[in-house]
Amino acid sequence: MTREVLGATVNLARSRGAAALIVVPHFGIEPPADRALRRRILDETGLPYVWIQIGEGWRLPWDRHPNARAAQTIATAVAAWLREH
């Protein structure tokens, strides 16, 4: 189901002339189960995505969201992808 939803979202964005990119930030080391899911959902479908390794401690202290350093890393990865595509 996730593959279908993401595929439909990408197709809708493209149909409206937008660049489509799925951003996959990952904090810390990627467990084998997560890697397998990423490959099945994103790699096997050819959906456009950028996987971003982020330091485990790069979170806001009061929740699990990225801090400024992580946000900069994410923005840099997205900008690089957009330049290439």
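S.K.: I'd like a description of the overall build of the chain, backed by residues and values.
M.R.: Within the chain one finds three helices and two strands. When the elements of the chain are put in sequence order from the N terminus, they spell out α-β-α-β-α. With respect to the principal axes defined by its C-alpha atoms, the chain has extents near 40 × 30 × 25 Å. Counting every position in the chain, which comprises 85 residues, the buried fraction comes to 28%. Considering only intrachain contacts with a sequence separation of at least 6, the fraction spanning at least 24 residues in the chain is 63%.

S.K.: Can you break down the pattern of salt bridges residue by residue, with the values?
M.R.: Tallied over the full model, the rule gives four salt bridges. Two residues, Arg-35 and Glu-30, come together in a salt bridge whose shortest N-O distance is 3.6 Å. Taking relative accessible area as the criterion, Arg-35 reaches 28% and is therefore assigned partly exposed. With a relative accessible area of 7%, Glu-30 lands in the buried category. In this structure, Arg-59 and Glu-56 form a salt bridge, with 3.6 Å as the shortest nitrogen-oxygen distance.

S.K.: An account of the packing of aromatic side chains is needed here, citing residue identities and associated values.
M.R.: Evaluation of the coordinates by the stated rule reveals zero aromatic pairs. Seen from the ring of Phe-27, Arg-59 lies directly overhead, with NZ or CZ sitting 3.8 Å from the centre.

S.K.: How would you explain the pairing of strand β1 (residues 22-27) if you had to name every residue and give the values?
M.R.: Pairing between β1 and strand β2 (residues 49-54): six bridges, direction parallel. Looking at the pairing, Phe-27 lines up with Ile-54 of β2. Tracing the backbone out of β1, into helix α2 (residues 32-43) and back to the parallel element β2 gives a crossover that is right-handed.

Analysis parameters
- Residues numbered from 1 in each chain as written.
- Predicted model: local features only at pLDDT ≥ 70, side-chain atom pairs only at ≥ 80, totals over all residues.
- Heavy atoms only, no water.
- Helix = DSSP H or I, 4+ residues; strand = E, 2+ residues; numbered from the N terminus.
- Buried < 20%, exposed > 50% of the residue type's maximum accessible area, 1.4 Å probe, protein only.
- Contact = heavy atoms within 4.5 Å.
- Salt bridge = Lys/Arg side-chain N within 4 Å of Asp/Glu carboxyl O.
- Phe/Tyr/Trp six-rings, centres within 6.5 Å; stacked < 30°, edge-to-face > 60°.
- Lys NZ or Arg CZ within 6 Å of the ring centre and 35° of its normal.
- Pairing = 2+ DSSP bridges.
- Right-handed = clockwise from strand over helix to strand, strands pointing away.

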